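Overview (structure and organization)
One-letter residues, chain by chain:
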Amino acid sequence: MGDYLEVVAQVYAEAARQPDPGLCCVPLAVWELPGLRYPSRMLEMNYGCGSTVDPREICETDTVLYIGVGGGLELLQFAYLVRRRGGVIGIDPVAEMREAAWANLLEAENLNPWFCRDFVEIRDGDALHLPLCAESVTVVAQNCLFNVFREEELQRALSEVYRVLQPQGRFYTSDPIAQQPLPRALREDARLRARCIGGCLSLEEYLTHLAKAGFGRIEVRARFPYRVLAPTEFPDLATPMLLETIEITAYKMEAGPDGPAIFVGETVTYIGTEHGWKDEVSGTYLPRGVPMPVSRKAAERLRRLPFIWYTPPTWHARPNGCC
Ligand SMILES: C[S@@+](CC[C@H](N)C(=O)[O-])C[C@H]1O[C@@H](n2cnc3c(N)ncnc32)[C@H](O)[C@@H]1O
């Protein structure tokens with residue numbers, strides 16, 4: 001472990017001993033689902049910057065690996081959806097955090113008649129060397145951890161995610177990003193890195209790392225303000241700097257010859273004289289007047305056509321098998 005990773009571990013050991021609601025989270029509402037109740041300490045230890053849990057997609061046949069457990073909030077949410085012994089595996093190298101998450105889950109057992117502690121297993125483990133066999137889970141999730149890594153470790157962590165996922169498996173990831181490079185002094189401050197500030201990459205850099213790990217389909221599902229770094233607090237900055245949160249789902253599937261299909265919420269609509277039009281390159285049929293979600297590459301190609309209406313990224317991509 002490099003030095004900065006030791007600082008990261010110390011920061012989270014402290015955050016496990018004494019909950020710090022301002023550590024790295026945004027004031028987002030947590031999932032309210034029927035019959036799901038959270039222990040108050042678990043809520044105080046919400047150290048995520050977005051959400052990786054999607055009740056529309058996670059089901060009882062999934063086996064979920066969750067990297068970096070925090071106070072166990074998302075472990076409980078995944079357990080709510082999977083509801084199976086051993087269905088959710090959390091890993092974390094920080095003993096204090098594992099113990100705090102487990103204590104919160106035991107408290108959750110008192111509050112939630114549907115929940116049994118056996119649904120979740122928490123293991124000692126590191127994102128850089130996942131203690132799981134290849135192709136052993138259908139879902140991997142991480143929330144606000146991978147941004148703390150330097151790029152070399154980030155790439156290693158993503159390769160590990162890819163290794164343990166079954167083919168067609170999904171990786172749900174949420175991290176803060178920056179629109180411009182952070183000043184070197186901020187990037188090299190290990191505590192700021194641990195606090196989910198110093199390690200922020202641009203969205204394009206983040207997507208490039210996912211593509212390099214092998215993910216063949218990548219959907220940017222949310223993008224919203226995370227925090228604004230003010231020069232009054234960070235004198236190395238000349239002007240205020242916005243950090244944003246992204247929520248991404250990446251799929252373990254083959255990329256096309258020219259790289260992964262990346263969806264950012266763009267659509268194209270056929271507006272010609274026929275009832276519809278078939279894009280011969282992708283084989284996709286576009287009924288007239290119906291916006292179709294498309295990847296960035298397909299959007300780039302199709303939007304030039306005179307009978308196509310294009311809508312720009314919403315950063316809320318939920319494509320349904322389109323090109
Ligand atoms: C910012 S917190 C996020 C916690 C949780 N995901 C959430 O949303 O509340 C980072 C978590 O990653 C853990 N962690 C730190 N270094 C890690 C590593 N190398 N591998 C896996 N987890 C790590 C910390 O102990 C902490 O639980």
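Since we're looking at a predicted model, the values are computed, not measured.

**Observations concerning the environment of aspartate 124**
Of note, aspartate 124 is situated in strand S3 (residues 120-124). As for aspartate 124 and glutamate 274, which are separated by 150 residues in sequence, their C-alpha atoms are 60 Å apart. Among residues more than four places away in sequence, those in contact with aspartate 124 are Pro93 and Arg98.

**What to know about the domain arrangement of the chain**
By domain assignment, the chain separates into domain 1 (3-261) and domain 2 (267-311). Each of domain 1 and domain 2 has a C-alpha centre, and these two points are 35 Å apart.

**Topic: the nonpolar core**
Membership of the largest hydrophobic core comes to 89 residues, with the highest contact counts inside it found for Val64, Tyr66, Leu75, Phe78, Ala79, Val88 and Val140. Residue contributions to this core peak at eight residues, all from helix H3 (residues 73-82). Leave out the neighbours within four places in its chain, and leucine 75 touches Tyr66, Val69, Val88, Gly90, Ala101, Leu105 and Val120. The next biggest cluster of nonpolar side chains, apart from the first, holds nine residues, and it includes Val268, Tyr270, Leu286 and Met292.

**Notes on the site of the ligand**
In the vicinity of the ligand lie 25 residues, with Tyr12, Gly48, Gly68, Gly70 and Ala127 positioned nearest. If you list the elements that add at least two residues to the shell around the ligand, you get helix H1 (3-17) and H3. If one sorts the elements of the shell around the ligand by residue count, H1 sits on top with three residues. Grouping the amino acids of the shell around the ligand by side-chain chemistry returns 16 nonpolar, six polar and three charged.

Each value, and the rule that gives it
- Residues numbered from 1 in each chain as written.
- Predicted model: local features only at pLDDT ≥ 70, side-chain atom pairs only at ≥ 80, totals over all residues.
- Helix = DSSP H or I, 4+ residues; strand = E, 2+ residues; numbered from the N terminus.
- Contact = placed C-beta atoms within 7 Å.
- Domains from an automatic or database assignment.
- Core = buried A, V, L, I, M, F, W, Y, C linked by C-beta atoms within 7 Å.
- Buried ≥ 20, exposed ≤ 12 C-beta atoms within 10 Å, placed from the backbone.
- Near = placed C-beta within 6 Å.
- Nonpolar A, V, L, I, M, F, W, Y, C, P; charged D, E, K, R; others polar.

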